[in-house]
Amino acid sequence: MHSSWKWAGTFIIASVALLGMFKICSRINGDPSESEKMFRLCLKRTIKTGVHETGHILSMFHCIENECCMNGSNHRLESDSHPLWLCPVCLRKLCYAVQTDPVQRFEKLGQFCKKHSLKNEEAFFRKSAEAIIKVKEGGHKHSIPSQKPDAEENLN
Ligand SMILES: [Zn+2]
Ligand SMILES: [Zn+2]
């Protein structure tokens, strides 16, 4: 591909992502001061937009394979129905793009969700971290010696 076309593509993706980021900065996600419930809904909408648009900035397209934060949506009800998290395919792309460890990412996301009472999301991120640790321990024993998912579970 000619480099100017490549840059044009990058520019278009970045522009679309910036439009999405506008949602975060405006009140389009609702009024978080209305109630605790509304605060959590606004927070989830803001995070979803942030995750989705960051995916676009990293050259990820809309996900059509699974229920995923990278699914495209045409209206609020549709985007509210999408999960906060990425599907395994998109997660793999993200981890490759930013060279991050999925277990550490899930643990940090779990802590964030716990702090903000996003219970379903916290449980999802905690279980995801545990599942990856279990697979890693099965394939490479002693590769993650400091991780004790059972002990963490007892804290809840
Ligand atoms: Zn999109
Ligand atoms: Zn996906």
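About the cut-offs
Residues numbered from 1 in each chain as written. Chains lettered and ligands numbered in written order. Predicted model: local features only at pLDDT ≥ 70, side-chain atom pairs only at ≥ 80, totals over all residues. Helix = DSSP H or I, 4+ residues; strand = E, 2+ residues; numbered from the N terminus. Buried ≥ 20, exposed ≤ 12 C-beta atoms within 10 Å, placed from the backbone. Core = buried A, V, L, I, M, F, W, Y, C linked by C-beta atoms within 7 Å. pLDDT = per-residue confidence, 0-100. Contact = placed C-beta atoms within 7 Å.

1. Quick word on unusual backbone geometry
Then, number 1: Within the chain, Ser59 stands out as a residue other than glycine whose phi angle is a positive 70°.
Then, number 2: Within the fold, Ser59 resides in the loop between helix H2 (36-57) and helix H3 (76-81).
Then, number 3: For Gln99, which is not glycine, the phi dihedral falls at a positive 50°.
Then, number 4: On the neighbour-count criterion, Gln99 (6 C-beta atoms within 10 Å) is exposed.

2. A few points about the nonpolar core
Then, number 1: Counting 11 residues, the largest nonpolar core is built from Ile47, Val51, Cys63, Cys68, Cys69, Met70, Trp85, Leu86, Cys90, Leu91 and Leu94.
Then, number 2: Put simply, the parts of the chain that give this core at least two residues each are H2 and helix H4 (88-98).
Then, number 3: When residues in this core are grouped by element, the largest group, three residues, is from H4.

3. Points about the confidence of the model for the protein
Then, number 1: Residue-level pLDDT values for the protein average 81, and 71% of them are 70 or greater.
Then, number 2: Taken as a whole, residues 142-156 scores under 50 in pLDDT and shows eight contacts with residues more than four places along the chain or in a different chain.

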